[in-house]
Amino acid sequence: MTTAYRADLVRTVYENEIAKLAAGPSIRTEPILVSCPTTTCGVRYSLLEPRDITEEEIRKHTAAVEKAMRQQYCPHHPPKIELD
């Protein structure tokens with residue numbers, strides 16, 4: 001499962017959860033950052049993907065995170081977005 005975590009909460013609320021995920025060999029250690037499409041919002045998400053994912057799947061997941069962010073009232077985005 002792919003999950004996008006709010007970048008501003010990565011080192012606090014989700015620190016332990018992300019550390020466990022990153023310890024696994026199947027997860028990329030360098031997250032993909034996705035910014036809110038609204039120019040007045042500074043919220044970004046760290047998208048943690050499996051290592052064997054294709055570029056097409058990355059684009060699909062990035063678009064899904066952007067779509068979820070547009071459906072929220074900035075800057076009150078959910079703390080994490082589950083994909084798949």
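Above: the structure in question.
Note that this is a predicted model, so its numbers are computed, not measured.

About the thresholds
- Residues numbered from 1 in each chain as written.
- Predicted model: local features only at pLDDT ≥ 70, side-chain atom pairs only at ≥ 80, totals over all residues.
- Heavy atoms only, no water.
- Pairing = 2+ DSSP bridges.
- Helix = DSSP H or I, 4+ residues; strand = E, 2+ residues; numbered from the N terminus.
- Axes fitted to C-alpha atoms, helices over the stretch in contact; angles between N-to-C directions.
- Contact = heavy atoms within 4.5 Å.
- Core = buried A, V, L, I, M, F, W, Y, C linked by side-chain atoms within 4.5 Å.
- Buried < 20%, exposed > 50% of the residue type's maximum accessible area, 1.4 Å probe, protein only.
- Polar contact = N/O pair within 3.5 Å; in protein donor to acceptor, adjacent residues only side chain to side chain.
- Salt bridge = Lys/Arg side-chain N within 4 Å of Asp/Glu carboxyl O.

1. A short note on the sheet that holds strand E4 (residues 80-83)
And step 1. Taking strand neighbours across the sheet as the criterion, the four strands line up as E2-E3-E1-E4 in an open arrangement whose pairing is antiparallel. Two strands close off the open sheet at either side, each with one partner strand: strand E2 (32-35) and E4. Taken pair by pair, the neighbouring strands of this sheet meet at an average axis angle of 25°, ignoring direction.
And step 2. Where strand E1 (residues 2-6) and E4 come together, four bridges link them in antiparallel fashion. Bridged to Ala4 within E4 is Ile81.
And step 3. Contacting E1, strand E3 (44-48) and E4, helix H1 (residues 15-23) crosses the sheet at an angle of about 145° to E1.
And step 4. In the packing of helix H2 (residues 55-70) onto the sheet, the strands contacted are E1, E2, E3 and E4, and the crossing angle to E2 comes to about 35°.

2. Observations concerning the nonpolar core
And step 1. Within the largest apolar cluster, 13 residues are counted, with the highest numbers of intra-cluster contacts made by Ala4, Tyr45, Leu47, Val65, Met69 and Ile81.
And step 2. Going through the elements one at a time, E3, H2 and E4 are the ones with two or more residues in this core.
And step 3. The dominant element in this core, judged by the number of residues it contributes, is H2, at three residues.
And step 4. Core analysis: the next-biggest nonpolar cluster, separate from the first, contains seven residues, Tyr5, Val10, Ile18 and Ile27 among them.

3. As for the side chain of Thr3
And step 1. Mapped onto the fold, Thr3 is located in strand E1.
And step 2. A polar contact is formed between the side chain of Thr3 and the side chain of Glu82, at a distance of 3.1 Å.

4. Here's the deal with the pairing of E3
On a regular strand, each side chain points to the face opposite its neighbour's, so the side chains alternate between the two faces of the sheet.
And step 1. Within E3, four of the five residues are buried, which leaves the element mostly enclosed by the surrounding structure.
And step 2. As paired strands, E2 and E3 are joined by four bridges and run antiparallel to one another. Among the inter-strand pairings, Ser35 is bridged to a residue of E3, identified as Arg44.

5. Some remarks on the pattern of salt bridges
And step 1. For the structure on display, the rule yields four salt bridges.
And step 2. As a salt-bridge pair, Glu17 and Lys80 come within 2.9 Å of each other at their nearest N and O atoms. On the criterion of sequence distance, the pair formed by Glu17 in helix H1 and Lys80 in strand E4 is long-range, its members being 63 residues apart.
And step 3. You can call Lys80 partly exposed: its relative accessible area is 28%.
And step 4. It is possible to trace a salt-bridge network through shared partners that takes in Glu17, Lys80 and Glu82.

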